[in-house]
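Per-entry structural report
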Amino acid sequence: MALVGGMAVAQVADLPGGPKVNQTDLHQPVTSIAAQQYDMHVLMLVICSVIFVAVFGVMFYSVFKHRKSLGAKPANFHESTTVEIIWTIVPFLIVIGMALPATKIVVAMKDTTNADLTIKATGYQWKWGYDYIKGEGEGISFLSTLDNSQRLMSDTGKPSGDNYLLKVDNPLVVPVNKKVRIVTTANDVIHAWMVPAFGVKQDAIPGFVRDTWFKAEKTGDFYGQCAELCGKEHAYMPIHVKVVSEEEYSAWAAAKIKAAAAKADDPSKVWELADLAARGEKIYAANCVACHGAGGEGGVGKKLDGSALVLDADAAKQITVLLKGAGNGMMPAWPQLSDTEIAAVITYTKNKWSNQTGQVVQPAAILAARQ
């Protein structure tokens, strides 16, 4: 604890795999690319420091030793071919000496071939969606959102913990010592997937597919953030990558696939209001509460308690908003949710707070709206 203004304030400590207190250097690298980037950073710093000392050393020496008060007489010459050759060739050699090793690293950073695992990272306002599209765990898909407890800390102005605003509900899980290709895109605006310890930063652009890769050489938790200003909630879009052993990853992947199969819903199933609303409550808490509030009071998003759209007997209007978005991206589209999940969250909002409509939206209605 520390005293600030007479109040006791909890001190934060270094976060392994994340930021450090009073950090002045790059993150500790856990991939070969990040290590090469760090070495290049040091090399460039040394070269620039030597140039700085040499240039300013000569300049200050000349000013001091050849000042007018000592009777120095200025030389009278111009268009020295020798000088022009020197100040052309020397900088050229310096630039080449810096560019060659840098180019080698950049080429290595872009070599995404022969990946053991390919994962698509999709940026949303404001969360990440992960789809395992090739390799062990193919077919796994989930959203990674800032843990709601972190958002509450921010809203109340009472931050706590070393992982403040970095804790998510579903971290990205990958195996150690395996080449992981990350394919980036976005659903709404430009985002950027960045994990400093991996030496990775790749823009995620709507309508485009970009890729990068990493190969973590140690297990642990590693953190990053969206590195592109993507809107009001930009600060609430963290990245958490959990690197585990191959055995742990295989067990995790098998469990996720099994769980996904068990949760696979038949869109033709007819649900009771209570069961569908109960499921919708969980989906709302995971995906909607940050913008629309726990009590439907609104905030970043519109107020849902007493909303004319929610109360409307024509559920198709609310279904369209969920599937296609609204407000020029202010309300993002949620087509990645299943038919049952969208039906559940709509049913929940129509029967929560003062919205006691008694309306039930069945998954079949969502399936029909997609077509």
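Our subject in this report is the structure included herewith. Keep in mind that what you see is a predicted model, and the values were worked out from it rather than measured.

About the cut-offs
- Residues numbered from 1 in each chain as written.
- Predicted model: local features only at pLDDT ≥ 70, side-chain atom pairs only at ≥ 80, totals over all residues.
- Heavy atoms only, no water.
- Helix = DSSP H or I, 4+ residues; strand = E, 2+ residues; numbered from the N terminus.
- Rg over C-alpha atoms; globule rule 2.2 N^0.38 Å.
- Buried < 20%, exposed > 50% of the residue type's maximum accessible area, 1.4 Å probe, protein only.
- Contact = heavy atoms within 4.5 Å.
- Areas by Shrake-Rupley, 256 points an atom, 1.4 Å probe, with all protein chains shown as cover.
- Lys, Arg positive; Asp, Glu negative; His and termini not counted.
- Charge placed at Lys NZ, Arg CZ, Asp CG, Glu CD.
- Salt bridge = Lys/Arg side-chain N within 4 Å of Asp/Glu carboxyl O.
- Polar contact = N/O pair within 3.5 Å; in protein donor to acceptor, adjacent residues only side chain to side chain.
- Pairing = 2+ DSSP bridges.
- Axes fitted to C-alpha atoms, helices over the stretch in contact; angles between N-to-C directions.
- Parallel < 35°, antiparallel > 145°, perpendicular 65-115°, else oblique.
- Nonpolar A, V, L, I, M, F, W, Y, C, P; charged D, E, K, R; others polar.
- Core = buried A, V, L, I, M, F, W, Y, C linked by side-chain atoms within 4.5 Å.

1. Considering the overall build of the chain
- Within the chain, the regular secondary structure consists of ten helices and twelve strands.
- The C-alpha atoms of the chain give 28 Å as radius of gyration, which overshoots the globular expectation for 371 residues (21 Å, by more than 25%).
- Here the C-alpha coordinates of the chain stretch approximately 100 × 55 × 45 Å along the principal axes.
- With 371 residues in all, the chain has 37% of them scored as buried.
- Across the chain, contacts joining residues at least 24 apart in sequence account for 64% of those joining residues at least 6 apart.
- Carbon and sulfur atoms provide 61% of the accessible area of the chain, an area that totals close to 20900 Å².
- Counting 35 positive and 35 negative side-chain charges, the chain places the averaged centre of each group 5 Å from the other.

2. Describing the pattern of salt bridges
- Per the stated rule, a full pass over the model turns up nine salt bridges.
- One salt bridge in this structure joins Asp155 and Arg151, with 3.2 Å as the shortest N-O distance. One end of the pair, Asp155, and the other, Arg151, are both in helix H3 (residues 148-156), four residues apart, so they sit about a helical turn from each other.
- Residue Arg151 is classed as buried on the basis of its relative accessible area, which comes to 10%.
- Residues joined by salt bridges that share partners form a network here, namely Arg151, Asp155, Lys232 and Glu233.

3. Considerations on the side chain of Gln359
- Looking at the secondary structure, you find Gln359 in the loop between helix H9 (339-350) and helix H10 (363-370).
- A distance of 3.5 Å separates a polar atom in the side chain of Gln359 from the backbone oxygen of Leu311.
- Discounting chain neighbours no more than four positions away, the residues touching Gln359 are Leu273, Leu311, Asp312, Ala313, Thr347, Lys350 and Asn351.

4. What to know about the pairing of strand E4 (residues 127-134)
- Judged from the seven bridges that link them, strand E3 (residues 117-124) and E4 form a sheet pairing that is antiparallel. What sits directly across from Lys120, in E4, is Asp131.
- Looking at chain direction, E4 and strand E5 (residues 141-144) are connected through four bridges and run antiparallel. Note that in E5 the partner of Tyr130 across the bridge is Phe142.

5. Thoughts on the side chain of Asn287
- Examined against the element boundaries, Asn287 turns out to sit in helix H5 (residues 273-287).
- Residue class for Asn287 comes out buried when judged on its relative accessible area of 14%.
- Setting aside chain neighbours within four positions, we find Asn287 in contact with Lys127, Leu143, Thr145, Trp334 and Leu337.

6. Some thoughts on the packing of H5 against H9
- At their nearest, the axes of H5 and H9 sit 7 Å apart, and the two run at 100° to each other. In terms of their interaxial angle, H5 and H9 are classed as roughly perpendicular. Counting all contacts with H5, which are made through Leu273, Leu276, Ala277, Arg279, Gly280, Glu281, Ile283 and Tyr284, the residues of H9 involved are Thr340, Glu341, Ala343, Ala344, Val345, Thr347, Tyr348 and Thr349.
- When its residues are assigned to classes, the contact of H5 with H9 shows nine nonpolar, four polar and three charged.

7. Re the nonpolar core
- Membership of the largest hydrophobic core comes to 36 residues, with the highest contact counts inside it found for Trp193, Phe198 and Val241.
- The biggest single contributor to this core is strand E12 (residues 238-244), with four residues.
- With sequence-adjacent residues up to four places away left out, Phe198 is seen in contact with Val30, Thr31, Ala34, Phe214, Ala216, Phe222, Val241 and Val243.
- Ile342, Ala343, Ala344 and Tyr348 belong to the second largest nonpolar core, which has 27 residues in total.

8. So, the environment of Ala216
- Mapped onto the elements, Ala216 comes out in the loop between strand E10 (210-214) and strand E11 (220-226).
- Note on Ala216: relative accessible area 1%, which makes it buried.
- Separated by 44 residues in the primary sequence, Ala216 and Ala260 place their C-alpha atoms 27 Å from one another.

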